[in-house]
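For reference, the chains in residue letters:
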Amino acid sequence: MSYISERGTMPNQERPPKRTEKLQLMLDVEELKVIDDWRFENRLPSRAAAIRELIRRGLNTDEFEEPPTEIPSGEFRVVDDSE
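(A) Quick peek at the packing of helix 1 (residues 29-41) against helix 2 (residues 47-59). The geometry of helix 1 relative to helix 2 is characterised by a closest axis approach of 9 Å and an angle of 90 degrees between their N-to-C directions. Classed by the angle they form, the pair helix 1 and helix 2 counts as roughly perpendicular. Across from Leu32, Ile35, Asp36, Trp38 and Arg39 in helix 1, the residues of helix 2 making contact are Arg47, Ala50, Ile51, Glu53, Leu54 and Arg57. By residue class, the composition of the contact of helix 1 with helix 2 is 6 nonpolar, no polar and 5 charged.

(B) Region of the structure containing the pattern of salt bridges. Summed over all chains, the structure comprises 7 salt bridges. Notably, a salt bridge pairs aspartate 28 with arginine 77, separated by 2.6 Å at the nearest N-O pair. You can see aspartate 28 sitting in the segment before helix 1 and its partner arginine 77 sitting in the segment after helix 2, a full 49 residues away along the chain. Since its relative accessible area comes to 30%, aspartate 28 is described here as partly exposed. Its relative accessible area of 33% is what places arginine 77 among the partly exposed residues. A single salt-bridge network, built from bridges that share partners, covers Asp28, Glu30, Glu31 and Arg77.

Cut-offs and rules
- Residues numbered from 1 in each chain as written.
- Predicted model: local features only at pLDDT ≥ 70, side-chain atom pairs only at ≥ 80, totals over all residues.
- Heavy atoms only, no water.
- Axes fitted to C-alpha atoms, helices over the stretch in contact; angles between N-to-C directions.
- Helix = DSSP H or I, 4+ residues; strand = E, 2+ residues; numbered from the N terminus.
- Parallel < 35°, antiparallel > 145°, perpendicular 65-115°, else oblique.
- Contact = heavy atoms within 4.5 Å.
- Nonpolar A, V, L, I, M, F, W, Y, C, P; charged D, E, K, R; others polar.
- Salt bridge = Lys/Arg side-chain N within 4 Å of Asp/Glu carboxyl O.
- Buried < 20%, exposed > 50% of the residue type's maximum accessible area, 1.4 Å probe, protein only.

Okay, here's the thing in structure tokens:
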């Protein structure tokens, strides 16, 4: 017999670490649209989940060149200007 607590979890099931840090990120309308479109295409439950997944994928690949270190933070964009 399986027992599920009032919280909807198994009693001995490990939970992910509690998120205690907040990250604020400013995007323009075009950048946000690209992320939201990707989220819906991939059926992710929230914008936060989509951004976490995109970060996870980016950190787990060697496909990209090293990022430029000489440009200001505001010059980094989610979408290329050429798109």
